[in-house]
Amino acid sequence: MKKLLIIGAMLFAGATAVQAQSGVGFRGGANLSNLSGDLRNEDNFENKWGFHGGITYNIGLVGDFFSIQPELLYSQKGFKNADTEFSTPLGDVRRVGKVNYNYLDLPILAKVKAGPLYFEGGPQASYLLNVNNETKTYLNGDLQSSSRDEGSKDGLKEFEVGYAAGVGFALGNSLNLGVRYNGSFSDFVDEDVNFNNDIRNARHSTIMFTLGITIPSGR
């Protein structure tokens with residue numbers, strides 16, 4: 001009888017250790033994006049700030065140690081154009097602009113937790129929702145005009161396969177802060193119809209600064 005009690009206690013402890021800690025969550029934060037790859041005129045493309053946000057679902061497999069987390073995120077990628085400056089009879093003109101490629105991202109991440117730290121990585125599928133261009137013109141340092149135009153998806157691949165990897169810090173059982181890198185396995189341009197073949201061999205490259213909150217499911 002004593003042996004049975006010991007075996008039962010061991011089985012119960014093992015089951016508790018691997019009990020899944022699952023829950024729905026929300027994630028949002030800032031993106032720092034640009035283009036990578038074989039760019040013809042790299043100086044024309046600069047880092048651009050954007051944002052991301054969406055929902056997550058953490059599926060615990062080994063207690064708090066190992067889990068799988070699919071996510072569905074709206075994510076702004078793209079680049080900032082290098083500033084254009086020239087002189088006119090009215091004064092000095094400076095034109096700045098950026099191109100936003102707005103995606104729906106579906107990463108499926110394996111997460112390993114080591115104390116308050118966690119490490120994550122996995123594949124990511126992306127769908128291009130739309131493109132928009134933002135331009136601002138300054139005269140002698142004063143803003144003269146600002147425009148936001150819907151761009152065309154002509155020549156761009158709507159679907160993209162890539163990867164995500166990152167590290168973070170858990171603030172208790174619900175909140176976490178992390179840094180994540182998003183890369184792509186292939187170019188996102190089929191035919192460069194807007195940038196004179198400058199981005200024909202370009203890939204998205206994005207660093208995410210992200211805050212997540214998880215709502216544990218009841219058990």
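Only a predicted model underlies this, so the values are computations on that prediction, with no experimental measurement involved.

A word on the overall build of the chain
Then comes step 1: Along the chain, the regular secondary structure elements total one helix and ten strands.
Then comes step 2: Helices and strands appear in the chain in the N-to-C order α-β-β-β-β-β-β-β-β-β-β.
Then comes step 3: For the chain, buried positions account for 37% of its 219 residues.
Then comes step 4: Long-range pairs, those at least 24 residues apart, make up 66% of the contacts in the chain with a sequence separation of at least 6.

Overview of the pattern of salt bridges
Then comes step 1: Enumeration over the complete set of coordinates arrives at eight salt bridges.
Then comes step 2: Linking R27 and E71 is a salt bridge whose minimum nitrogen-to-oxygen distance equals 3.3 Å. Taken together, the positions of R27 in strand β1 (residues 23-37) and E71 in strand β4 (residues 66-88) put the pair 44 residues apart, joining distant regions of the chain. Both residues of the pair, R27 and E71, count as buried.
Then comes step 3: The residue E158 makes a salt bridge to K153 at a minimum N-O spacing of 2.7 Å.
Then comes step 4: For K153, a relative accessible area of 23% corresponds to the partly exposed category.
Then comes step 5: Three or more residues joined by partner-sharing salt bridges are found here, namely R27, E71, E120 and R180.

So, the confidence of the model for the chain
Then comes step 1: Summarising the model, the chain shows a mean pLDDT of 82, and 81% of its residues fall at 70 or more.
Then comes step 2: Across residues 1-20, confidence stays below pLDDT 50; counting only partners more than four residues off in sequence or on other chains, it has nine contacts.

Points about the packing of aromatic side chains
Then comes step 1: Applying the stated criterion across every chain yields a total of eight aromatic pairs.
Then comes step 2: A ring pair is formed by Y101 and F188, whose centres lie 5.1 Å apart and whose planes are at 70 degrees; its orientation type is edge-to-face. Of this pair, Y101 sits in strand β5 (residues 91-114) while F188 sits in the loop between β9 (175-184) and β10 (202-216), and the two are 87 residues apart along the sequence.
Then comes step 3: You can call Y101 buried: its relative accessible area is 2%.
Then comes step 4: Among the residues examined, F188 registers a relative accessible area of 1% and is labelled buried.
Then comes step 5: Pairing Y127 with F159 gives two aromatic rings, centres 5.0 Å apart and planes at 50 degrees, and the pair type is tilted. Of the two residues, Y127 is situated in strand β6 (residues 117-139) and F159 in strand β8 (residues 159-171); the sequence distance between them amounts to 32 residues.
Then comes step 6: Taking the relative accessible area as the measure of exposure, Y127 reaches 28% and is therefore partly exposed.

Points about the nonpolar core
Then comes step 1: Ranked by internal contacts, the top residues of the largest apolar core, which has 14 residues, are L35, Y101, L156, F188 and I199.
Then comes step 2: Contributing elements (two or more residues each) for this core: β5 and β6.
Then comes step 3: Looking at this core, the element that brings in the most residues is β5, giving three residues.

Observations concerning the side chain of N31
Then comes step 1: Following the sequence through the fold, N31 ends up in strand β1.
Then comes step 2: Looking at N31, its side chain comes within polar contact range of the side chain of S75, at 2.8 Å.
Then comes step 3: There is a polar contact of 2.9 Å between the side chain of N31 and the backbone oxygen of Q76.
Then comes step 4: Dropping the residues within four chain positions of it, N31 is found in contact with K48, W49, G50, F51, H52, S75, Q76, T206, I207 and M208.

A few points about the environment of N58
Then comes step 1: Note on placement: N58 falls in strand β3 (residues 48-62).
Then comes step 2: A distance of 3.1 Å separates polar atoms of two side chains, one belonging to N58 and the other to Q69.

Basis of the calculations
- Residues numbered from 1 in each chain as written.
- Predicted model: local features only at pLDDT ≥ 70, side-chain atom pairs only at ≥ 80, totals over all residues.
- Heavy atoms only, no water.
- Helix = DSSP H or I, 4+ residues; strand = E, 2+ residues; numbered from the N terminus.
- Buried < 20%, exposed > 50% of the residue type's maximum accessible area, 1.4 Å probe, protein only.
- Contact = heavy atoms within 4.5 Å.
- Salt bridge = Lys/Arg side-chain N within 4 Å of Asp/Glu carboxyl O.
- pLDDT = per-residue confidence, 0-100.
- Phe/Tyr/Trp six-rings, centres within 6.5 Å; stacked < 30°, edge-to-face > 60°.
- Core = buried A, V, L, I, M, F, W, Y, C linked by side-chain atoms within 4.5 Å.
- Polar contact = N/O pair within 3.5 Å; in protein donor to acceptor, adjacent residues only side chain to side chain.

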